[in-house]
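Summary of structural features
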Amino acid sequence: MCFQASDSLGRWDIYEYVTFGVVIQDALGEIIYANSVACDILRIDAVGVKEKSGRFITRNGTLLSEEKCPFTGKSVDSTRVVGWIPAEGEQVRWLSMSSRTVTVENDVQDLQSVTITSFMELDTEQRLSRINRALKVLSESNQALVRAQQELELLEEICRIVAEVGGYPLTWVGYSEPGQPLGVRSVAKAGPCAALLENIYGSMERYDDPQEAFSKMFSSGEPDIFRNIMLDLPAIALPLIENGKVFGLLMIHSEGMEIFDHEEVSLLTELVNDLSYGILSLRAREERKRNREMLRFMQFSIDRATDAVFWIDSEAKFFYVNQAACRITGFSRDELLSMSIFQVDLRFSKEAWSENWRQIKRLGSLTYETYYRRKEGYEFPVEVTGDYLEYNEKEYCCAFVRDISERKKVVEALRESEEKFRSLVESTSDFFWEIDRNERYIYVSPKITSLLGYYPEEILGKTPFDLMPKIEAERISKQFQVITAQKAPFDSLENILVHRDGYHIMVETSGLPIFDEQGVFRGYRGIDRDVTERKRAESELTLSLDKLSHSIESAIEAMALTVEMKDPYTAGHQRRVAILACAIAKEMNLPDKVVDGLRLAAVVHDIGKIYVPAEILSKPGKITEIEFSLIKTHPKVGFDVLKTIEFPWPIAQIVLQHHERLNGKGYPAGLSAEEILLEAKILSVADVVEAMSSHRPYRPALGRRLALEEIAQQSGLAYDSEVVDACLRLFKERGFSFETLGDVG
């Protein structure tokens, strides 16, 4: 008989046509409806299920407590398998139960919450069929484990077997991955519902939060049975475990109302344990393969390393050597592997090796220098770095050996070089120094003591300006700021230092900037050279030169006076030519030294006329060809007179060339253009202008205007154009005039 709360509950009559039992309870747990299948299985009468005399048991056969029994209104698992014993002595009837809560309208159209529990009886034949199916899945899965070569290939094959052989609608494997949605990443799947995998875990019975559900599945390490609400299918989560930690889940969904019973769970647990073992075995195999490849790569790399490698066992025997070890010792690999360290390093005794071994084992690594023996018998220096290691439960020293013969030579050469440099620095009269970027001494050579009376340690930390008079320090500091701003080298910077006893010393300072490996400026390194005596000698020499120059000028003036005394008509001519020539040279921005030489040459440019008879020089009438030829010899005569005197300037050549012209029509040699000295070109223009502007015995003065016109017309032809231009500027722009000339000096 079907139990109903009232006739108005006819809305549930649809459940009379299903083949499984349905019981509906209100919010208080009271049964308000049960279909005929439920009444038949549970033997419910008009009084209701609360008057039943049977009992519920677990799949293990233990009696369920009242709070865990179905239909009591208590909180119980929503999907499970329980045993029902209607009466004492009767056979157990196994029931697969599933519950869900829904909201409906009651008779007065108010909403109420009801719990619908559906269940069906599992007969023995059906249970045996499921168990046999699980056994077949286990058997074929074991075969797949044996055949598998790749992890993904194994997972896909297991999912296929579970879905096709086991008849499960959805099987998939997920690995723990916190960054993925729900904290799990699907790596393999199979079954008719596999395409829906991404969307079917929005709601899982017994769990409010799917992500929390997977988190608990990964942390518990036990099979977990639940119901997927979207598919309305029971499911089991089976953990994949490595070293007690869950790294993945095998998820299997059953079909319809069929729930996982104890025997099926046991078989599936065995399957997931075998799968875990298979995955870990494949990973270990892959790791071994990678290790073998890495070992081959490392051996290949070590065998071709430039440094020698020796593996030495605890008994000092060579276990492995690379090609470099053979190369530096001259022994073959077979020869070395038959030898011990004592035959290569003759400085090792057994006692010394034992002590060396203890240190390497205690410290883990030890570096030292020694000498190895070549096959030919001679020894060479090496640097050894020995590392302690264990391999195949044996102890070894892995020695990396480098031939340091060249390094020793370089170190020795550097030591000798430093010794020579130190000897040079300490013996030279120059003071070597180094300053940092703040211009403070960080090194001074011992020569500072003999130079300034200070010991090196007294100078360190000071600046060069601390050793100078105040005014000198200010002057040099300004110059040095410009140099350091450019980080440029400097040479022969003259400055004054103060000796400890108070007197001044003149030095020349030269320096180079210092940069580190990154190119950062670190300071300057240089020398100070005592030039006090040299400066005193230079001063005395300058004074002597001034006296000599005065003597030369006096001699030149005497020569000029000699000419003027012989030719009174040309008196003052040489002096005026000298003044104009010097003015032209200065207008052309020539150096003072050139101007000085030109002045002296101009003062005596007509000294050769002392060879010409006075009657010809002062003849009032026209000069004959023979007489002019005699006059034209005066440059050569002047040259012959002056060439024997050692002047600092080419005085004799200037005098010789002062009548030469650019076009080659001058005399005495007919020189042209670049063959004529610049000073001679200037002198020739000044000579022509002054001569035309002055009276001569054979003619009156032609005037300045005609003289300037003459040189302007012959500019670039007879006379140098730059010299002519400078001369014209003097008269036309600078106001030069012979009438206002002062002294030639």
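Everything below is about the structure shown above.
Keep in mind that what you see is a predicted model, and the values were worked out from it rather than measured. (Residues numbered from 1 in each chain as written. Predicted model: local features only at pLDDT ≥ 70, side-chain atom pairs only at ≥ 80, totals over all residues. Heavy atoms only, no water.)

1. With respect to the sheet that holds strand β19 (residues 490-498)
Cut-off, in case you're wondering: By this definition, two strands are paired if DSSP reports at least two bridges between them. Numbering of helices and strands runs from the N terminus, with a helix taken as a DSSP run of H or I at least four residues long and a strand as a DSSP run of E at least two residues long. As a rule, the C-alpha atoms of each element are fitted with a line to give its axis, helices using only the stretch in contact, and angles between N-to-C directions run from 0 to 180 degrees. The contact rule is simple, with two residues in contact once any of their heavy atoms fall within 4.5 Å.
Read across the open sheet, the five strands follow the order β18-β17-β21-β20-β19; overall the sheet is antiparallel. The open sheet terminates on both sides in strands that have one partner only, identified here as β18 (441-444) and β19. Geometrically, the sheet is characterised by an average inter-axis angle of 30° between neighbouring strands, direction not taken into account. Relative to β18, strand β17 (residues 431-436) runs antiparallel, the two being bridged by three bridges. Across the sheet, Ile435 pairs through a bridge with Tyr441, a residue of β18. The strands that helix α12 (residues 470-486) touches are β17, β19 and β21 (521-530); relative to β19, the one it contacts most, it runs at about 155°.

2. Here we look at the sheet that holds strand β8 (residues 184-190)
Taken in spatial order, the five strands line up as β8-β7-β11-β10-β9 in an open sheet, and their pairing is antiparallel. Of all the strands in the sheet, just β8 and β9 (224-228) have a single pairing partner and so form its edges. On average, each strand axis in the sheet is inclined to that of its neighbour by 25°, with strand direction left out of account. Where β9 and strand β10 (residues 233-242) come together, five bridges link them in antiparallel fashion. By the bridge assignment, Asp224 is partnered in β10 with Ala237. Here helix α3 (residues 151-164) sits on the sheet in contact with β7 (170-176), β8 and β11 (245-253), set at roughly 55° to β8.

3. Re empty space enclosed by the protein
As a reminder of what qualifies: Here a cavity denotes grid points, spaced 1 Å and computed from the protein atoms alone, that fit a 1.4 Å probe unable to get out, and a pocket denotes an open set having protein on both sides within 12 Å along at least 5 of 7 lines; residues with an atom within 4 Å of a point are the lining. Grid points are joined across faces, edges and corners, and a volume is the space filled by probe spheres set on the points. When residue character is reported, Ala, Val, Leu, Ile, Met, Phe, Trp, Tyr, Cys and Pro are called nonpolar, Asp, Glu, Lys and Arg charged, and the others, Gly included, polar.
Applying the stated criterion across every chain, the model contains three cavities of 30 Å³ or more. Quantified by volume, the largest cavity comes out at close to 140 Å³. Contributing to the lining of the largest cavity are 14 residues, with Trp433, Pro464, Met468, Phe480 and Thr509 lying nearest its centre. Classifying every residue of the lining of the largest cavity by side-chain character gives 11 nonpolar, two polar and one charged.

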